[in-house]
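Descriptive structure summary
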Amino acid sequence: MEERDMYVKKCPYCGGNEIIEAYQNGYACITAKSNIWGGQQLCHSVCRNCGSVVRSYVKQPEKLLKRKDRRV
């Protein structure tokens, strides 16, 4: 289990405790309104028991910002 998934230990829908990481393919990337070229792949934490998406996130949120607006 990835470190970022440690926060989701139990599915709020079925009570399952096995959370897996999944990635959305194709054109399903997220872009910031201010930086349409800074797209990031959308990742999900999914309950293996019931299939519910219990968390969605991007791995590198700083890349959504324009280079000049990123933290050093």
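Rules used throughout
Residues numbered from 1 in each chain as written. Predicted model: local features only at pLDDT ≥ 70, side-chain atom pairs only at ≥ 80, totals over all residues. Heavy atoms only, no water. Helix = DSSP H or I, 4+ residues; strand = E, 2+ residues; numbered from the N terminus. Contact = heavy atoms within 4.5 Å. Areas by Shrake-Rupley, 256 points an atom, 1.4 Å probe, with all protein chains shown as cover. Pairing = 2+ DSSP bridges. Axes fitted to C-alpha atoms, helices over the stretch in contact; angles between N-to-C directions. Phe/Tyr/Trp six-rings, centres within 6.5 Å; stacked < 30°, edge-to-face > 60°. Lys NZ or Arg CZ within 6 Å of the ring centre and 35° of its normal.

Our focus in this paragraph is the overall build of the protein chain. In terms of regular secondary structure, the protein chain is built from zero helices and five strands. Starting at the N terminus and ending at the C terminus, the protein chain contains elements arranged as β-β-β-β-β. Residue pairs in contact within the protein chain that sit at least 24 positions apart in sequence constitute 46% of those at least 6 positions apart. Put simply, the protein chain shows about 5700 Å² of open surface, and 50% of that area lies on carbon and sulfur atoms.

A few words on the sheet that holds strand 5 (residues 53–57). The strand order across the open sheet built from three strands is 1-4-5, with neighbouring strands paired in antiparallel fashion. For this open sheet the edge positions go to strand 1 (19–23) and strand 5, each flanked by a neighbour on one side alone. Neighbour-to-neighbour, the strand axes of the sheet open up by a mean angle of 25°, direction not taken into account. Where strand 1 and strand 4 (residues 43–47) come together, five bridges link them in antiparallel fashion. By the bridge assignment for strand 4, Ile19 is matched with Cys47.

With that out of the way, let us pick up the packing of aromatic side chains. Applying the stated criterion across every chain, the model contains zero aromatic pairs. Sitting above the plane of the Tyr57 ring, Arg55 keeps its charged end 4.4 Å from the centroid.

Relative to the elements of secondary structure, Ser45 occurs in strand 4. C-alpha of Ser45 to C-alpha of Tyr57: the two residues are 12 residues apart in sequence and 8.5 Å apart in space.

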